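# Fold and geometry: a report
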Amino acid sequence: MNTRALRTLLLVVVLALAVLVVPDSSVGPTDVALVKVRHAAGVEMQRSVIWILAIGSDARRGQDMLRSRGDAIQLVGIDPRTGTATAIGIPRDSWVAIPGHGREKINSALYFGGPQLMSRTVGNLVGVRPDYVMVTRFPFFEDMVDSIGGIDVRNPRRFSDPYLYETGFRTGRIHLDGYGAMAFSRVRKMLPGGDFDRSANQQRTLRGIHAKIRANAHQPGFMESGVMTVLQHLATDLPPAELFKIAQAVAQVEAAKISTCVVPGAIGRVGAQSVVLPSFAAARRYGDDARNDATIGRC
Amino acid sequence: MQGRPGLVRQAVRMLGPTPRRTARLVAPALILTVLVGVVSGCSDDPRPVPAAESDPPSAAAPVPPEPTPVVPAVRTKIRRGEITGRLPVKRRKRLVKEIAGVTDRWLDAAYVEGSYPRTNFKKAFPGFTSGATRSARRDRTLMTNADLGKRIDEVRVKRRTVTVDLLAVGGEARAATARVHLAFATKGVQHRVQVTGRLFLTQKDGRWRVFGYDVSKGGA
């Protein structure tokens, strides 16, 4: 069809539409407005940014979870005013000063002094003191992930583990059930970056959990039953209402406004132990950067 | 928190009252008026007609204003949603009503009541905590009618429902979500507007207070 014919056809269509649309009465034309559906969300918390130290404990059944060693250590900041969040990953084997106990691996702070000492130790490293410490053990973590129907994560590299996950995790977007999420967050030896890569994988798991919560938050009773599950599975002395507020703050975080970094460092040896010598400067910089707005500009 | 326009966008065709629509709205009112008249006329009541009424109206007599058809107010439909945890049935009913009441007061203060054209929305958040009030004031074009207020003469509610989900721990309600749907039409500049979303509530000093919200507003 040539241009002229096309133009003629277009004109005919426009005229035909005009005949259909223009009202034949003398009353003014129908108002037509193009509007957008706008959205607003906000959650009041006592502080502008709330800091939660999330710890995955390696406690076995029967062991006191609050006096075990933390296997996963993530300091999570949420700004409910802006829907931003950040996670600062701390390698489990980071060699740091534990108040009253000299230098030790950071994960033993939980064993020495429970959540309070763990909070102080992480606070000293990053320069941000957590408002809450949440500790869970892996079997319960698996149940929680299963209860939300599993999660999706973006895996940057293929890896497997002969003990935890023999079939391995393929590259790309993958769906994980509770056990898979646990294994994805715990495997260390098969990763080129060891403890650092594991911490980054834990952050991918957190992103996956957050995405699932956010996608389902509007479903009737979803947040309430989620809080109930957390109450049953987490060691917390928080009142349920406070937990509900935190859960709603988490649900308001926008995926695009999440920044994550892992405290870098070098691998070293202290006696017979292999340890991570963390970069204190980088840890402080992340804390300073995120303290007031839960955002880290650059890792 | 700043409003985050652009999160959800939807092109909506908003229709003003076409003649046929206007006719549809006026017709029931007219029918009601006529029916009332007919019923009055058929009454057996031998009520004496006052002299002033029986006299033919003189040219000088003031013409009484046309009666305005009264549109009945749309009452809020309150529904019980999901109850998580154990809570006695009687208490459920009372709580649902109480929480829906808090939500309803916001709908009235923010959108429905007030003298339109209206520019003052300072008291639009009864039952909100101070922090939630500050946040909602920043989002006032969504959380109230502040975007339309000065251009409209009236708000006519078409539908309003509040569904309450409860979280109970240890036999006591600890938190609640009120799911809201308000649909209204405005006069003056004519719009059809829908407000949907959720309010999050916990108790403070024995009263249910709104500490957060997730609300959308757009054309119906």
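Residues numbered from 1 in each chain as written. Chains lettered and ligands numbered in written order. Predicted model: local features only at pLDDT ≥ 70, side-chain atom pairs only at ≥ 80, totals over all residues. Heavy atoms only, no water.

### Re the state of the cysteines
All names here are of chain A.
- Tallied over the full model, the rule gives one disulfide over all chains.
- Residue C261 pairs covalently with C299 via a disulfide, S to S 1.9 Å. Judged by the torsion about the S-S bond (-95°), the C261/C299 disulfide is left-handed. You can see C261 sitting in strand β13 (residues 258–262) and its partner C299 sitting in the segment after α8 (280–290), a full 38 residues away along the chain.
- Take C261: its relative accessible area is 2%, and that puts it in the buried class.
- For C299, a relative accessible area of 49% translates into the label partly exposed. (Disulfide = S-S within 2.5 Å. Helix = DSSP H or I, 4+ residues; strand = E, 2+ residues; numbered from the N terminus. Buried < 20%, exposed > 50% of the residue type's maximum accessible area, 1.4 Å probe, protein only.)

### Section: unusual backbone geometry
- Cis geometry is adopted by the peptide bond preceding P117 of chain B, which originates at Y116 of chain B and carries an omega value of 0°.
- Relative to the assigned elements, P117 of chain B resides in the loop between α3 (89–112) and α4 (130–138).
- One non-glycine residue, A294 of chain A, lies in positive phi territory at about 55°.
- Structurally, A294 of chain A can be placed in the segment after α8.

### Observations concerning the confidence of the model for chain A
- Averaged over chain A, the pLDDT score is 86; the fraction of residues at 70 or greater is 85%.
- In the predicted structure, residues 12–35 of chain A sits below a pLDDT of 50 and forms 21 contacts with residues beyond four places in sequence or in another chain. (pLDDT = per-residue confidence, 0-100. Contact = heavy atoms within 4.5 Å.)

### Structural notes on the sheet that holds strand β3 (residues 152–169) of chain B
- Across the sheet, six strands lie side by side as β2(A)-β6(B)-β5(B)-β4(B)-β3(B)-β2(B); this open sheet has mixed pairing. Lying at the two open borders of the sheet, with one neighbouring strand each, are β2 (38–43) of chain A together with β2 (77–84) of chain B. Strand-to-strand twist in this sheet, taken as the mean axis angle between neighbours without regard to direction, amounts to 20°.
- As defined by bridge partners, β3 of chain B adjoins strand β4 (residues 172–188) of chain B across 16 bridges and the pair is classed as antiparallel. What sits directly across from A168 of chain B, in β4 of chain B, is A173 of chain B. (Pairing = 2+ DSSP bridges. Axes fitted to C-alpha atoms, helices over the stretch in contact; angles between N-to-C directions.)

### Details of the side chain of E142 of chain A
Residues and elements named next belong to chain A.
- Along the chain, E142 falls in helix α3 (residues 138–147).
- Buried within the structure, E142 lacks any salt-bridge partner; its nearest side chain of opposite charge belongs to R186, at an N-O separation of 6.8 Å.
- Residue contacts for E142: discarding those within four places in its chain leaves G178, Y179 and M182. (Lys, Arg positive; Asp, Glu negative; His and termini not counted. Salt bridge = Lys/Arg side-chain N within 4 Å of Asp/Glu carboxyl O.)

### Some thoughts on the side chain of D71 of chain A
Residue and element names in this part refer to chain A.
- Here D71 is to be found in strand β4 (residues 70–79).
- Relative accessible area serves as the criterion here: at 6%, D71 is assigned to the buried category.
- A polar contact of 2.7 Å, which involves the side chain of D71, links it to the side chain of R92.
- In this structure the side chain of D71 is engaged in a polar contact, spanning 3.0 Å, whose partner is the side chain of R186.
- Every residue in contact with D71, bar those within four places of it in the chain, is listed here: G56, S57, D58, R92, F138, R186, R198 and Q202. (Polar contact = N/O pair within 3.5 Å; in protein donor to acceptor, adjacent residues only side chain to side chain.)

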